[in-house]
Amino acid sequence: MTRAAGRAQAVAALLLAAVVSACASAPEPSAPPLPEPPVTRPAPPTSPSPISGAMALTALPGWDQEDHLTALIAYASGCSARREPASQALCAEARALVADNPTPSEARAFLESRFVAVEAYAPEPSRALLTSYFAPEYEARRAPDADYDAPVLARPAGWQRGDRLDDRATIEANASSYEILGWMRAEDLFFLQIQGSGYLTFADGSRARAAYAADNGHPFVGIARPMADQGLLPPNGTSGDAIRGWLAAHRGPEARAVMALNPRYIFFRMDPDDGGHPAGAAGIPLPARRAIAVDPAHWTYGEPVWIEADGGNLIGARASYRGLVMALDTGSAIRGPVRADLYMGRGDAAGAEAGAVRHPLRMWRLVPRF
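Anyway, here's the lowdown on the structure attached to this text. (Residues numbered from 1 in each chain as written. Predicted model: local features only at pLDDT ≥ 70, side-chain atom pairs only at ≥ 80, totals over all residues. Heavy atoms only, no water.)

1. Brief notes about the packing of helix α2 (residues 85–99) against helix α3 (residues 104–114)
- Two numbers describe how α2 lies on α3: the axes approach to 11 Å, and their chain directions differ by 170°. When the interaxial angle is binned, α2 and α3 end up roughly antiparallel. Contact residues: L90, E93, A94 and L97 in α2; E106, F110 and R114 in α3.
- Taken together, the residues of the contact of α2 with α3 sort by class into 4 nonpolar, no polar and 3 charged. (Axes fitted to C-alpha atoms, helices over the stretch in contact; angles between N-to-C directions. Helix = DSSP H or I, 4+ residues; strand = E, 2+ residues; numbered from the N terminus. Parallel < 35°, antiparallel > 145°, perpendicular 65-115°, else oblique. Contact = heavy atoms within 4.5 Å. Nonpolar A, V, L, I, M, F, W, Y, C, P; charged D, E, K, R; others polar.)

Okay, structure coming up:
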(Lines give C-alpha, C1' and ligand atoms only; values in the text may rest on other atoms or scores of the structure.)
Protein backbone atom coordinates (compact mmCIF):
# COMPACT_ATOMS: atom_id res chain seq x y z
CA MET A 1 0.00 0.00 0.00
CA THR A 2 -0.81 3.07 0.11
CA ARG A 3 0.66 13.85 4.47
CA ALA A 4 1.70 16.61 5.33
CA ALA A 5 -1.18 18.87 5.83
CA GLY A 6 -0.22 21.94 3.96
CA ARG A 7 -1.63 25.31 4.58
CA ALA A 8 -3.87 26.24 1.69
CA GLN A 9 -4.72 29.81 0.68
CA ALA A 10 -7.74 31.26 2.37
CA VAL A 11 -10.86 30.78 0.35
CA ALA A 12 -14.26 32.34 0.60
CA ALA A 13 -16.46 30.90 3.35
CA LEU A 14 -19.66 29.11 2.44
CA LEU A 15 -22.55 31.54 2.09
CA LEU A 16 -26.01 30.19 2.80
CA ALA A 17 -28.96 32.51 2.19
CA ALA A 18 -31.79 32.26 4.71
CA VAL A 19 -35.08 32.46 2.90
CA VAL A 20 -37.84 33.83 5.08
CA SER A 21 -41.39 33.29 3.82
CA ALA A 22 -44.12 35.75 4.66
CA CYS A 23 -47.13 34.09 6.23
CA ALA A 24 -49.50 37.11 6.29
CA SER A 25 -52.40 37.44 3.86
CA ALA A 26 -51.87 39.29 0.59
CA PRO A 27 -51.76 43.13 0.93
CA GLU A 28 -54.43 45.44 -0.43
CA PRO A 29 -53.66 46.69 -3.95
CA SER A 30 -53.01 50.19 -2.67
CA ALA A 31 -50.61 49.07 0.07
CA PRO A 32 -46.87 49.57 -0.53
CA PRO A 33 -44.82 46.44 -1.17
CA LEU A 34 -43.40 44.67 1.83
CA PRO A 35 -39.67 45.28 2.40
CA GLU A 36 -37.28 42.47 1.48
CA PRO A 37 -36.23 40.46 4.54
CA PRO A 38 -32.57 40.82 5.52
CA VAL A 39 -30.18 38.15 4.23
CA THR A 40 -28.00 36.76 6.99
CA ARG A 41 -25.67 33.82 7.41
CA PRO A 42 -27.33 31.22 9.62
CA ALA A 43 -25.59 30.06 12.74
CA PRO A 44 -24.18 26.52 12.60
CA PRO A 45 -26.85 24.01 13.60
CA THR A 46 -26.87 23.10 17.26
CA SER A 47 -30.06 21.06 17.52
CA PRO A 48 -29.93 17.27 17.45
CA SER A 49 -29.36 15.89 13.96
CA PRO A 50 -32.28 14.09 12.24
CA ILE A 51 -29.80 11.51 10.89
CA SER A 52 -30.72 8.07 12.19
CA GLY A 53 -28.36 6.87 14.90
CA ALA A 54 -26.40 10.13 14.94
CA MET A 55 -24.78 11.52 18.05
CA ALA A 56 -22.79 14.62 18.91
CA LEU A 57 -19.02 14.41 18.59
CA THR A 58 -18.79 15.18 22.30
CA ALA A 59 -20.23 11.69 22.94
CA LEU A 60 -17.40 9.92 21.09
CA PRO A 61 -15.06 7.94 23.35
CA GLY A 62 -11.96 10.03 23.89
CA TRP A 63 -13.23 13.17 22.15
CA ASP A 64 -12.19 15.41 25.05
CA GLN A 65 -8.62 14.12 24.83
CA GLU A 66 -8.34 14.64 21.05
CA ASP A 67 -5.86 17.12 19.55
CA HIS A 68 -8.65 19.02 17.81
CA LEU A 69 -6.38 21.38 15.88
CA THR A 70 -4.37 18.53 14.38
CA ALA A 71 -7.64 16.76 13.61
CA LEU A 72 -8.96 19.81 11.76
CA ILE A 73 -5.71 20.12 9.79
CA ALA A 74 -5.98 16.45 8.82
CA TYR A 75 -9.55 16.99 7.66
CA ALA A 76 -8.58 20.05 5.62
CA SER A 77 -5.70 18.16 4.00
CA GLY A 78 -7.85 15.25 2.82
CA CYS A 79 -11.40 16.55 2.39
CA SER A 80 -10.89 17.58 -1.25
CA ALA A 81 -11.17 13.89 -2.21
CA ARG A 82 -14.95 14.19 -1.85
CA ARG A 83 -16.45 15.70 -4.97
CA GLU A 84 -20.03 16.56 -3.98
CA PRO A 85 -20.61 20.35 -4.11
CA ALA A 86 -21.80 20.53 -0.49
CA SER A 87 -18.77 18.58 0.72
CA GLN A 88 -16.46 20.78 -1.33
CA ALA A 89 -18.00 23.90 0.21
CA LEU A 90 -17.50 22.55 3.73
CA CYS A 91 -13.95 21.57 2.80
CA ALA A 92 -13.25 25.10 1.57
CA GLU A 93 -14.56 26.50 4.84
CA ALA A 94 -12.26 24.22 6.83
CA ARG A 95 -9.26 25.17 4.72
CA ALA A 96 -10.01 28.85 5.18
CA LEU A 97 -10.13 28.36 8.94
CA VAL A 98 -6.82 26.45 8.94
CA ALA A 99 -5.21 29.24 6.90
CA ASP A 100 -6.29 31.72 9.62
CA ASN A 101 -4.26 29.87 12.29
CA PRO A 102 -7.16 28.85 14.55
CA THR A 103 -6.80 28.01 18.20
CA PRO A 104 -7.49 24.45 19.37
CA SER A 105 -10.78 25.69 20.82
CA GLU A 106 -11.82 27.18 17.49
CA ALA A 107 -10.91 23.96 15.71
CA ARG A 108 -12.97 21.96 18.19
CA ALA A 109 -15.95 24.30 17.84
CA PHE A 110 -15.83 23.99 14.04
CA LEU A 111 -15.81 20.20 14.09
CA GLU A 112 -18.54 19.93 16.72
CA SER A 113 -20.81 22.37 14.90
CA ARG A 114 -20.34 20.87 11.42
CA PHE A 115 -20.44 17.11 12.08
CA VAL A 116 -22.34 14.38 13.87
CA ALA A 117 -21.13 10.80 14.32
CA VAL A 118 -22.79 7.57 13.16
CA GLU A 119 -21.27 4.26 14.21
CA ALA A 120 -20.51 1.62 11.59
CA TYR A 121 -21.23 -1.99 12.44
CA ALA A 122 -19.57 -5.19 11.24
CA PRO A 123 -21.72 -8.22 10.38
CA GLU A 124 -18.94 -10.33 11.91
CA PRO A 125 -17.55 -8.55 14.99
CA SER A 126 -14.43 -10.70 14.90
CA ARG A 127 -13.51 -9.02 11.60
CA ALA A 128 -13.70 -5.51 13.07
CA LEU A 129 -9.97 -4.94 13.00
CA LEU A 130 -7.35 -2.19 12.89
CA THR A 131 -3.97 -2.92 11.36
CA SER A 132 -1.29 -0.47 10.28
CA TYR A 133 1.11 0.21 7.44
CA PHE A 134 3.95 2.61 6.75
CA ALA A 135 6.26 3.95 4.04
CA PRO A 136 9.39 1.85 4.46
CA GLU A 137 12.91 3.05 3.77
CA TYR A 138 15.31 0.41 2.53
CA GLU A 139 18.79 0.08 1.15
CA ALA A 140 19.06 -1.09 -2.44
CA ARG A 141 21.72 -1.80 -5.05
CA ARG A 142 22.07 -1.18 -8.77
CA ALA A 143 23.58 -4.66 -9.22
CA PRO A 144 23.01 -7.88 -7.26
CA ASP A 145 25.32 -9.32 -4.63
CA ALA A 146 25.13 -12.06 -2.00
CA ASP A 147 22.66 -10.15 0.21
CA TYR A 148 20.89 -7.96 -2.35
CA ASP A 149 19.66 -10.71 -4.65
CA ALA A 150 15.93 -9.93 -4.97
CA PRO A 151 15.10 -7.91 -8.11
CA VAL A 152 12.67 -4.98 -8.06
CA LEU A 153 10.63 -5.58 -11.20
CA ALA A 154 8.97 -3.00 -13.45
CA ARG A 155 5.40 -3.34 -14.70
CA PRO A 156 5.07 -5.90 -17.51
CA ALA A 157 4.48 -4.43 -20.97
CA GLY A 158 0.81 -4.35 -21.87
CA TRP A 159 -0.39 -4.94 -18.30
CA GLN A 160 -3.97 -3.89 -17.53
CA ARG A 161 -5.68 -3.80 -14.17
CA GLY A 162 -7.42 -7.10 -13.52
CA ASP A 163 -4.93 -9.18 -15.51
CA ARG A 164 -4.05 -12.45 -13.79
CA LEU A 165 -0.37 -13.27 -14.19
CA ASP A 166 1.85 -15.97 -12.73
CA ASP A 167 2.07 -16.37 -8.96
CA ARG A 168 4.91 -15.04 -6.84
CA ALA A 169 7.13 -18.14 -7.03
CA THR A 170 6.85 -18.36 -10.82
CA ILE A 171 7.56 -14.66 -11.35
CA GLU A 172 10.63 -14.85 -9.10
CA ALA A 173 11.90 -17.90 -10.97
CA ASN A 174 11.62 -16.01 -14.27
CA ALA A 175 12.69 -12.54 -13.08
CA SER A 176 15.20 -12.14 -15.92
CA SER A 177 12.32 -11.86 -18.39
CA TYR A 178 11.22 -8.57 -16.76
CA GLU A 179 12.83 -5.13 -16.59
CA ILE A 180 14.85 -4.91 -13.36
CA LEU A 181 14.89 -1.53 -11.55
CA GLY A 182 17.21 -2.44 -8.69
CA TRP A 183 18.09 -5.11 -6.16
CA MET A 184 17.04 -5.55 -2.53
CA ARG A 185 17.27 -8.02 0.30
CA ALA A 186 14.48 -10.55 -0.24
CA GLU A 187 12.73 -9.87 3.07
CA ASP A 188 12.84 -6.10 2.45
CA LEU A 189 11.30 -6.50 -0.99
CA PHE A 190 8.60 -8.74 0.47
CA PHE A 191 7.60 -6.06 2.99
CA LEU A 192 7.87 -3.31 0.37
CA GLN A 193 5.31 -5.22 -1.67
CA ILE A 194 3.01 -5.56 1.33
CA GLN A 195 3.18 -1.80 1.94
CA GLY A 196 2.73 -1.04 -1.76
CA SER A 197 5.40 1.67 -1.94
CA GLY A 198 8.52 2.82 -0.16
CA TYR A 199 11.78 4.70 -0.39
CA LEU A 200 15.10 3.26 -1.56
CA THR A 201 18.63 4.48 -0.88
CA PHE A 202 21.31 3.17 -3.23
CA ALA A 203 24.99 2.66 -2.43
CA ASP A 204 25.95 5.88 -4.26
CA GLY A 205 23.63 7.89 -1.98
CA SER A 206 20.91 8.47 -4.56
CA ARG A 207 17.33 8.02 -3.43
CA ALA A 208 14.10 7.09 -5.17
CA ARG A 209 10.53 6.24 -4.32
CA ALA A 210 9.42 2.78 -5.42
CA ALA A 211 5.76 3.34 -6.28
CA TYR A 212 3.12 0.71 -7.00
CA ALA A 213 2.81 0.15 -10.76
CA ALA A 214 1.00 -3.18 -11.22
CA ASP A 215 0.14 -6.49 -9.57
CA ASN A 216 -0.23 -10.07 -10.73
CA GLY A 217 -3.95 -10.28 -9.95
CA HIS A 218 -3.64 -12.84 -7.16
CA PRO A 219 -5.22 -12.24 -3.73
CA PHE A 220 -3.06 -11.24 -0.78
CA VAL A 221 -2.47 -14.05 1.72
CA GLY A 222 -0.93 -13.18 5.07
CA ILE A 223 1.93 -15.40 6.21
CA ALA A 224 1.67 -14.68 9.95
CA ARG A 225 -0.90 -17.38 10.71
CA PRO A 226 0.77 -20.10 8.60
CA MET A 227 4.08 -19.32 10.30
CA ALA A 228 2.43 -19.69 13.71
CA ASP A 229 0.63 -22.85 12.61
CA GLN A 230 3.94 -24.34 11.47
CA GLY A 231 5.61 -23.45 14.77
CA LEU A 232 8.00 -20.98 13.13
CA LEU A 233 6.74 -18.18 15.40
CA PRO A 234 4.65 -18.14 18.61
CA PRO A 235 0.92 -17.33 18.12
CA ASN A 236 1.26 -13.96 19.88
CA GLY A 237 4.65 -13.18 18.37
CA THR A 238 3.77 -12.64 14.71
CA SER A 239 4.52 -8.93 14.53
CA GLY A 240 6.09 -7.48 11.40
CA ASP A 241 9.46 -7.28 13.13
CA ALA A 242 9.25 -10.92 14.18
CA ILE A 243 8.36 -12.06 10.68
CA ARG A 244 11.12 -9.97 9.13
CA GLY A 245 13.65 -11.27 11.62
CA TRP A 246 12.78 -14.88 10.85
CA LEU A 247 12.95 -14.31 7.08
CA ALA A 248 16.35 -12.61 7.39
CA ALA A 249 17.70 -15.41 9.59
CA HIS A 250 16.52 -18.03 7.08
CA ARG A 251 17.35 -16.10 3.92
CA GLY A 252 17.42 -18.37 0.89
CA PRO A 253 15.18 -21.28 -0.17
CA GLU A 254 13.60 -21.65 3.30
CA ALA A 255 12.50 -18.02 3.50
CA ARG A 256 11.40 -17.95 -0.14
CA ALA A 257 9.16 -20.98 0.46
CA VAL A 258 7.43 -19.14 3.31
CA MET A 259 7.07 -15.91 1.30
CA ALA A 260 5.60 -17.94 -1.58
CA LEU A 261 2.62 -18.71 0.67
CA ASN A 262 1.50 -15.22 -0.38
CA PRO A 263 1.02 -15.55 -4.16
CA ARG A 264 0.42 -11.84 -4.71
CA TYR A 265 3.26 -9.95 -6.41
CA ILE A 266 3.69 -6.19 -6.85
CA PHE A 267 5.59 -4.46 -9.66
CA PHE A 268 7.01 -0.95 -9.21
CA ARG A 269 8.12 2.22 -10.92
CA MET A 270 10.84 4.56 -9.68
CA ASP A 271 9.87 8.14 -8.86
CA PRO A 272 11.98 10.91 -7.32
CA ASP A 273 12.04 11.06 -3.52
CA ASP A 274 10.40 14.39 -2.66
CA GLY A 275 11.00 14.00 1.07
CA GLY A 276 7.29 13.83 1.83
CA HIS A 277 4.75 11.05 2.30
CA PRO A 278 3.26 8.83 -0.40
CA ALA A 279 -0.14 9.50 -1.90
CA GLY A 280 -2.94 7.06 -1.18
CA ALA A 281 -5.56 5.76 -3.58
CA ALA A 282 -7.37 9.11 -3.29
CA GLY A 283 -4.34 10.83 -4.86
CA ILE A 284 -3.59 12.86 -1.72
CA PRO A 285 -0.39 12.58 0.38
CA LEU A 286 -1.12 10.59 3.51
CA PRO A 287 -0.83 12.47 6.83
CA ALA A 288 1.02 10.25 9.31
CA ARG A 289 -1.25 8.73 11.98
CA ARG A 290 -4.23 10.59 10.50
CA ALA A 291 -5.02 8.54 7.37
CA ILE A 292 -6.52 5.09 6.96
CA ALA A 293 -7.00 2.62 4.15
CA VAL A 294 -10.62 1.46 3.95
CA ASP A 295 -12.88 -0.72 1.86
CA PRO A 296 -14.27 1.59 -0.87
CA ALA A 297 -17.39 -0.57 -1.02
CA HIS A 298 -18.33 0.85 2.39
CA TRP A 299 -16.51 4.18 2.64
CA THR A 300 -15.86 7.22 0.45
CA TYR A 301 -12.42 8.76 0.01
CA GLY A 302 -12.25 12.06 1.86
CA GLU A 303 -14.59 11.01 4.68
CA PRO A 304 -13.54 11.87 8.23
CA VAL A 305 -13.72 8.85 10.52
CA TRP A 306 -13.42 8.41 14.27
CA ILE A 307 -11.61 5.23 15.30
CA GLU A 308 -11.25 3.53 18.65
CA ALA A 309 -9.01 0.47 18.82
CA ASP A 310 -8.14 -1.01 22.20
CA GLY A 311 -6.56 -4.14 23.54
CA GLY A 312 -3.90 -5.16 21.05
CA ASN A 313 -2.49 -8.50 22.19
CA LEU A 314 0.70 -8.66 20.15
CA ILE A 315 4.03 -8.46 21.93
CA GLY A 316 5.15 -4.83 21.83
CA ALA A 317 1.72 -3.45 20.89
CA ARG A 318 0.56 -0.08 22.18
CA ALA A 319 -2.58 -0.08 24.31
CA SER A 320 -4.88 1.85 22.00
CA TYR A 321 -5.41 4.08 18.97
CA ARG A 322 -8.15 6.67 19.02
CA GLY A 323 -8.88 9.82 17.06
CA LEU A 324 -10.08 11.48 13.88
CA VAL A 325 -8.57 10.04 10.70
CA MET A 326 -9.25 10.49 6.99
CA ALA A 327 -10.27 7.73 4.58
CA LEU A 328 -7.67 8.22 1.84
CA ASP A 329 -6.42 4.82 0.77
CA THR A 330 -7.37 1.19 0.22
CA GLY A 331 -5.69 -2.19 0.11
CA SER A 332 -6.43 -5.68 -1.13
CA ALA A 333 -6.64 -7.05 2.43
CA ILE A 334 -8.91 -4.26 3.72
CA ARG A 335 -12.45 -5.58 3.36
CA GLY A 336 -15.59 -4.89 5.38
CA PRO A 337 -17.37 -1.92 6.97
CA VAL A 338 -15.30 -1.95 10.18
CA ARG A 339 -11.82 -2.65 8.86
CA ALA A 340 -9.06 -0.06 8.61
CA ASP A 341 -5.31 0.14 8.02
CA LEU A 342 -3.73 3.12 9.79
CA TYR A 343 -0.89 4.88 7.96
CA MET A 344 1.79 5.25 10.62
CA GLY A 345 4.33 7.33 8.71
CA ARG A 346 7.70 6.90 7.07
CA GLY A 347 10.83 5.06 8.21
CA ASP A 348 11.97 2.44 10.71
CA ALA A 349 10.24 3.83 13.81
CA ALA A 350 6.90 3.94 12.00
CA GLY A 351 7.48 0.45 10.70
CA ALA A 352 8.30 -0.96 14.13
CA GLU A 353 5.05 0.41 15.54
CA ALA A 354 2.95 -0.53 12.51
CA GLY A 355 4.05 -4.14 12.78
CA ALA A 356 2.50 -4.47 16.24
CA VAL A 357 -0.99 -3.15 15.40
CA ARG A 358 -3.73 -5.75 15.29
CA HIS A 359 -6.44 -4.26 17.47
CA PRO A 360 -10.21 -4.79 17.79
CA LEU A 361 -11.84 -1.77 16.18
CA ARG A 362 -14.85 0.53 16.35
CA MET A 363 -15.47 3.16 13.66
CA TRP A 364 -17.80 6.16 13.41
CA ARG A 365 -18.57 8.02 10.20
CA LEU A 366 -18.44 11.80 10.74
CA VAL A 367 -21.44 13.08 8.79
CA PRO A 368 -21.69 16.78 7.85
CA ARG A 369 -24.64 18.81 9.19
CA PHE A 370 -25.73 20.23 5.84
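Additional details are given in the paragraphs that follow.
2. Re unusual backbone geometry
- One non-glycine residue, N101, adopts positive backbone phi at about 55°.
- With respect to the helices and strands, N101 occurs in the loop between α2 and α3.
- With a phi angle near 65°, R289 is a residue other than glycine that sits in the positive phi range.
- With respect to the helices, strands and loops of the structure, R289 is situated in the loop between β9 (266–272) and β10 (291–293).
- According to the relative accessible area criterion, R289 is partly exposed, its value standing at 33%. (Buried < 20%, exposed > 50% of the residue type's maximum accessible area, 1.4 Å probe, protein only.)

3. Quick look at the packing of aromatic side chains
- Within this structure, the stated rule accounts for 6 aromatic pairs.
- Relative to F191, the ring of F190 has its centre 5.9 Å away and its plane inclined at 80°; by these criteria the two rings are edge-to-face.
- Judged by relative accessible area, which is 2%, F190 ranks as buried.
- On the basis of relative accessibility, which here comes to 8%, the residue F191 falls in the buried class. (Phe/Tyr/Trp six-rings, centres within 6.5 Å; stacked < 30°, edge-to-face > 60°.)

4. Describing the sheet that holds strand β8 (residues 207–215)
- One open sheet holds the 4 strands; their spatial order is β4-β7-β8-β9, and the pairing between them is mixed. The open sheet has two edge strands, β4 (137–140) and β9, and neither has a second partner. For this sheet the average axis-to-axis angle between neighbouring strands, irrespective of direction, equals 40°.
- As paired strands, β4 and strand β7 (residues 197–202) are joined by 4 bridges and run parallel to one another. Bridge pairing in β7 links Y138 to L200. (Pairing = 2+ DSSP bridges.)

5. Section: the nonpolar core
- One finds L130, L247 and M363 to be the most contacted residues of the largest nonpolar core, which totals 57 residues.
- By residue number, the principal contributor to this core is helix α5 (residues 186–195), which donates 5 residues.
- Other than its neighbours up to four places away in sequence, L130 contacts I307, A309, Y321, R339, A340, D341, L342, V357, R358, H359 and L361.
- If you look at the next biggest cluster of nonpolar residues, it comprises 34 residues, including W63, F110, Y133 and A135. (Core = buried A, V, L, I, M, F, W, Y, C linked by side-chain atoms within 4.5 Å.)

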